[in-house]
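What follows is the residue order along each chain.
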Amino acid sequence: MPNISENDEFIIGVSPESTRKRVDKLKTGFYHIAKTVGIPIVIIGFDYKNKEDVLANPIYAGENEEEDLKKIIAFYSTIEGAKTEYGLRHLAKKMKD
């Protein structure tokens, strides 16, 4: 396994959720990896409706995991995938309620 601290640049890719079924909660492994190692989380959305890839500003995992995940869910709630029923809009709505 590569040692992240020995590299000037290191990229890890984690596939997005909600591609095969609707989820009611995000898994947080990616978040804990980024926080432990001290690397930014760069989220990418594939907007099917507008035929474009959307790249967010990097997010560093802070002390409030819930608030950080709200930012990530808010980002994804604006993007429409090929199967809208698998999106995360319901999670964004749930956070506001």
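Look above for the structure.
Residues numbered from 1 in each chain as written. Predicted model: local features only at pLDDT ≥ 70, side-chain atom pairs only at ≥ 80, totals over all residues. Heavy atoms only, no water.

Enquirer: Outline the packing of helix α2 (residues 65-77) against helix α3 (residues 89-96), supporting the account with residue identities and numerical values.
Expert: Their axes nearest at 8 Å, the elements α2 and α3 cross at an angle of 130 degrees. The pairing of α2 with α3 is recorded here as oblique in orientation. The element α2 and its partner α3 pack so that their crossing is left-handed. Facing α2, whose interface residues are K70, I73 and S77, α3 presents R89, L91, A92 and M95. Grouping the amino acids of the contact of α2 with α3 by side-chain chemistry returns 4 nonpolar, 1 polar and 2 charged. (Axes fitted to C-alpha atoms, helices over the stretch in contact; angles between N-to-C directions. Helix = DSSP H or I, 4+ residues; strand = E, 2+ residues; numbered from the N terminus. Parallel < 35°, antiparallel > 145°, perpendicular 65-115°, else oblique. Left-handed = near helix turned anticlockwise from the far one by under 90°. Contact = heavy atoms within 4.5 Å. Nonpolar A, V, L, I, M, F, W, Y, C, P; charged D, E, K, R; others polar.)

Enquirer: Summarise α2; cite the residues concerned and give the values.
Expert: Between the first and last C-alpha of α2 there are 18 Å, a value that for 13 residues agrees with the 18 Å anticipated at 1.5 Å per step. Its buried side turned inward, α2 meets α1 (29-37), β1 (44-47), β2 (52-55) and α3. By the N-cap criterion, in which a side-chain oxygen at the helix start approaches the backbone nitrogen of a residue two or three places on, α2 is capped by N64, the distance to E66 being 3.3 Å. (Expected span 1.5 Å × (residues − 1). Polar contact = N/O pair within 3.5 Å; in protein donor to acceptor, adjacent residues only side chain to side chain.)

Enquirer: Explain the pairing of β1 residue by residue, including any values.
Expert: On a regular strand, each side chain points to the face opposite its neighbour's, so the side chains alternate between the two faces of the sheet. Judged by which residues are buried, β1 turns out to be one-sided: G45 and D47 face inward and are buried, whereas I44 and F46, on the alternate face, are not. Bridge count between β1 and β2: 4 bridges; the pairing is antiparallel. When the bridges of β2 are listed, I44 appears paired with L55. The antiparallel pairing of β1 with β2 creates a hairpin that spans 4 residues between the two strands, and K51 there sits at a positive phi of about 55 degrees. (Buried < 20%, exposed > 50% of the residue type's maximum accessible area, 1.4 Å probe, protein only. Pairing = 2+ DSSP bridges.)

Enquirer: Break down unusual backbone geometry for me, citing the residues and quoting the values.
Expert: Non-glycine residue K51 carries a positive phi angle of around 55 degrees. Inspection of the secondary structure puts K51 in the loop between β1 and β2. By relative accessible area, which is 64% here, K51 ends up exposed.

Enquirer: Would you mind going over the packing of aromatic side chains in detail, with residue names and values included?
Expert: Under the criterion given, the structure shown has 1 aromatic pair. Here K51 stacks its cationic end above the ring of Y48, 4.3 Å away from the centre of that ring. (Phe/Tyr/Trp six-rings, centres within 6.5 Å; stacked < 30°, edge-to-face > 60°. Lys NZ or Arg CZ within 6 Å of the ring centre and 35° of its normal.)

Enquirer: Tell me about the side chain of D68, and please be specific about residues and values.
Expert: With respect to the element layout, D68 can be found in helix α2. Lacking a salt bridge, the buried D68 has K71 as its closest oppositely charged neighbour, with an N-O distance of 4.1 Å. D68 has contacts with Y31, Y60, A61 and G62, leaving out every residue within four places of it along the chain. (Lys, Arg positive; Asp, Glu negative; His and termini not counted. Salt bridge = Lys/Arg side-chain N within 4 Å of Asp/Glu carboxyl O.)

Enquirer: A description of a nonpolar patch on the surface should follow, citing residues and the corresponding values.
Expert: A contiguous nonpolar patch, built from I12, V14, I33 and V37 and spanning about 320 Å² of accessible area, is present on the exposed surface. Relative to the helices and strands, V14 resides in the segment before α1. The class of V14 is exposed, set by a relative accessible area of 54%. (Patch = residues over 30% accessible without salt bridge, like charges linked within 9 Å, V, L, I, M, F, W, Y side chains within 5 Å. Areas by Shrake-Rupley, 256 points an atom, 1.4 Å probe, with all protein chains shown as cover.)

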